[in-house]
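Structural characterization, general
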Amino acid sequence: MRDINTVRKAVATMANQLYKLGYSLSQAFKTAWKRVKNSMKCRDSHG
């Protein structure tokens, strides 16, 4: 399990980028969390 602070920082960074692309802030955070969770699942199953 990765450090939660590192994960939250990555999510916030991604969400801010999505927000700049035109997503609403709440939708940007939801999308960012989905992507991070999905990438963690992929790493856990292959690692």
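For the structure itself, look to the data block above.
Source: prediction; values computed, not measured.

Take the overall build of the chain next. The secondary structure content of the chain amounts to two helices and zero strands. When burial is assessed residue by residue, the chain has 19% of its 47 residues classed as buried. Accessible surface, the chain as shown: approximately 3,900 Å² in total, 54% of it carbon and sulfur.

Taking 1.5 Å per residue as the helical rise, helix H1 (residues 4–20) with its 17 residues ought to reach 24 Å, and the 24 Å between its terminal C-alpha atoms agrees with that figure. Listed in full, the buried residues belonging to H1 are Val-7, Val-11, Ala-15 and Leu-18. In an axial view of H1, the angular spread of the buried residues amounts to 65°, which keeps them on one side of the axis. Opposite the buried face of H1, at more than 90 degrees from it, the exposed residues are Asn-5, Lys-9 and Lys-20. Looking one or two places after H1, you find Gly-22, whose phi comes out positive at around 115°.

Right, let's get into the environment of Ser-39. With respect to the element layout, Ser-39 can be found in helix H2 (residues 25–46). The class of Ser-39 is partly exposed, set by a relative accessible area of 26%. There is a polar contact of 2.9 Å between the side chain of Ser-39 and the backbone oxygen of Val-36.

A grouping of Ile-4, Tyr-19, Leu-25, Phe-29 and Trp-33 is seen on the molecular surface, where their side chains present a nonpolar patch of about 450 Å² in accessible area. Secondary-structure elements contributing two or more residues to the nonpolar patch are H1 and H2. Here Trp-33 lies in helix H2. For Trp-33, a relative accessible area of 31% corresponds to the partly exposed category.

Relative to the helices and strands, Thr-31 resides in helix H2. Here Thr-31 falls in the buried class, since its relative accessible area comes to 14%. Separated by 2.8 Å, the side chain of Thr-31 and the backbone oxygen of Gln-27 make a polar contact. Ignoring sequence-local partners within four residues, the contact set of Thr-31 consists of Leu-18 and Tyr-23.

Scoring rules and cut-offs
- Residues numbered from 1 in each chain as written.
- Predicted model: local features only at pLDDT ≥ 70, side-chain atom pairs only at ≥ 80, totals over all residues.
- Heavy atoms only, no water.
- Helix = DSSP H or I, 4+ residues; strand = E, 2+ residues; numbered from the N terminus.
- Buried < 20%, exposed > 50% of the residue type's maximum accessible area, 1.4 Å probe, protein only.
- Areas by Shrake-Rupley, 256 points an atom, 1.4 Å probe, with all protein chains shown as cover.
- Expected span 1.5 Å × (residues − 1).
- Arc of directions from axis to C-beta.
- Polar contact = N/O pair within 3.5 Å; in protein donor to acceptor, adjacent residues only side chain to side chain.
- Patch = residues over 30% accessible without salt bridge, like charges linked within 9 Å, V, L, I, M, F, W, Y side chains within 5 Å.
- Salt bridge = Lys/Arg side-chain N within 4 Å of Asp/Glu carboxyl O.
- Contact = heavy atoms within 4.5 Å.

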